[in-house]
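Close look at the chain arrangement
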Amino acid sequence: MKEIFERRSIRKYTDLKVSDSDIKNMLRAAMSAPSGYNQQLWEFIVIKDRNVLDSITEIHPYSQMLKEAQLAIVVCGDLERDKRADDWASYWDQDCAAATENILIEAQYLGLGAVWISGYPREDIVKGLKKILELPNKVIPLSIISIGHPAEKKEILDRYDIQKIHLNKW
Ligand SMILES: Cc1cc2nc3c(=O)[nH]c(=O)nc-3n(C[C@H](O)[C@H](O)[C@H](O)COP(=O)(O)O)c2cc1C
């Protein structure tokens, strides 16, 4: 699939707005992701407010591209809804990672530029985001996706590496 092979992290953006229909499509793509026990423990915060975007850059050293971004989507896990929390497995972080990747691929399909910015498990960043976004106690931000119309072009890379493939056993 072209969009998967051509996607790169885009950290420079024009000042063109991202349409509401593009934003909705990225959110629909996110919610189409697979999830553990089909619990869909994700929640999404769409940030368009310049002050909020800029305040994230103050608590996260690797998020400076948000200063140029048209928006960000913060993908959060809602542990309150996790009916499997007492089992051995809680998959909220994997649900949110799958949703994050779907947003990146849909952004590529829409001709937008995007980059995955880390949240969980970095405690300092989770704490800072919780404060800025006024997240309830059991809502954990896994990722921040910075989005805009691209103002940089990146080389398409082929990372296929046969050395990383093991047949039947390690
Ligand atoms: C879990 C995760 C956390 C990341 N955190 C950041 C980040 O905080 N800031 C950033 O600029 N890029 C971040 N990235 C993007 C990676 O740097 C990028 O995907 C990697 O260098 C490969 O480049 P590519 O996306 O262009 O293929 C993150 C990616 C992942 C998957």
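These numbers come from a predicted model, not from an experiment. (Residues numbered from 1 in each chain as written. Predicted model: local features only at pLDDT ≥ 70, side-chain atom pairs only at ≥ 80, totals over all residues. Heavy atoms only, no water.)

All right, on to the site of the ligand then. Contacts to the ligand come from Arg7, Arg8, Ser9, Arg11, His60, Tyr62, Met65, Val115, Trp116, Ile117, Ser118 and Arg159. In this structure, a nitrogen atom belonging to the ligand sits 2.9 Å away from a main-chain N or O atom of Trp116. Per-class residue counts for the shell around the ligand are five nonpolar, three polar and four charged. (Near = heavy atom within 4 Å. Polar contact = N/O pair within 3.5 Å; in protein donor to acceptor, adjacent residues only side chain to side chain. Nonpolar A, V, L, I, M, F, W, Y, C, P; charged D, E, K, R; others polar.)

Spatial strand order, S1-S2-S4-S3: four strands in an open sheet with antiparallel pairing. The open sheet is flanked by strand S1 (42-47) and strand S3 (113-118), the only strands paired with a single partner. For this sheet, the mean angle separating the axes of adjacent strands, direction not counted, is 25°. Two elements, S3 and strand S4 (residues 139-148), share six bridges in a ladder whose sense is antiparallel. Bridge pairing links Ile117 to Ile144 in S4. Running at roughly 165° to S1, helix H2 (residues 20-31) makes contact with S1, strand S2 (71-78) and S4 of the sheet. Its contacts with the sheet place helix H3 (residues 50-59) against S1, S2 and S4, and it is angled at close to 110° to S1. (Pairing = 2+ DSSP bridges. Helix = DSSP H or I, 4+ residues; strand = E, 2+ residues; numbered from the N terminus. Axes fitted to C-alpha atoms, helices over the stretch in contact; angles between N-to-C directions. Contact = heavy atoms within 4.5 Å.)

This part takes up helix H4 (residues 92-109). Its 18 residues give H4 an end-to-end C-alpha distance of 26 Å, which sits within 8% of 26 Å, the value for a rise of 1.5 Å per residue. Among the residues making up H4, those that are buried are Trp92, Asp95, Cys96, Ala99, Thr100, Ile103, Leu104, Ile105, Glu106 and Ala107. The secondary structure elements touched by the buried residues of H4 are helix H1 (2-6), H2, S1, S2, S3 and S4. Of the residues flanking the end of H4, it is Gly111, one or two places downstream, whose phi is positive at about 80°. (Expected span 1.5 Å × (residues − 1). Buried < 20%, exposed > 50% of the residue type's maximum accessible area, 1.4 Å probe, protein only.)

Another aspect to go through is a nonpolar patch on the surface. A cluster of nonpolar side chains, contributed by Met1, Ile4 and Phe5, occupies part of the molecular surface with about 350 Å² of accessible area. As for its position among the elements, Phe5 is in helix H1. (Patch = residues over 30% accessible without salt bridge, like charges linked within 9 Å, V, L, I, M, F, W, Y side chains within 5 Å. Areas by Shrake-Rupley, 256 points an atom, 1.4 Å probe, with all protein chains shown as cover. Salt bridge = Lys/Arg side-chain N within 4 Å of Asp/Glu carboxyl O.)

This part covers the pattern of salt bridges. What the rule picks out here adds up to seven salt bridges. Between Glu43 and Arg81 there is a salt bridge; the shortest N-O distance is 2.9 Å. With Glu43 in strand S1 and Arg81 in the loop between S2 and H4, the pair connects residues that are 38 residues apart, well separated along the chain. Among the residues examined, Glu43 registers a relative accessible area of 35% and is labelled partly exposed. For Arg81, a relative accessible area of 28% puts it in the partly exposed group. Taken together, the shared-partner salt bridges connect Glu43, Asp78 and Arg81 into one network.

A cis geometry characterises the amide bond from Tyr120 onward to Pro121, with omega recorded as 10°. Topologically, Pro121 is positioned in the loop between S3 and helix H5 (123-133). Backbone geometry places Gln40, a non-glycine residue, at a positive phi of 50°. The topology assignment puts Gln40 in the loop between H2 and S1.

Everything listed is a geometric property; what it means functionally is a separate question.
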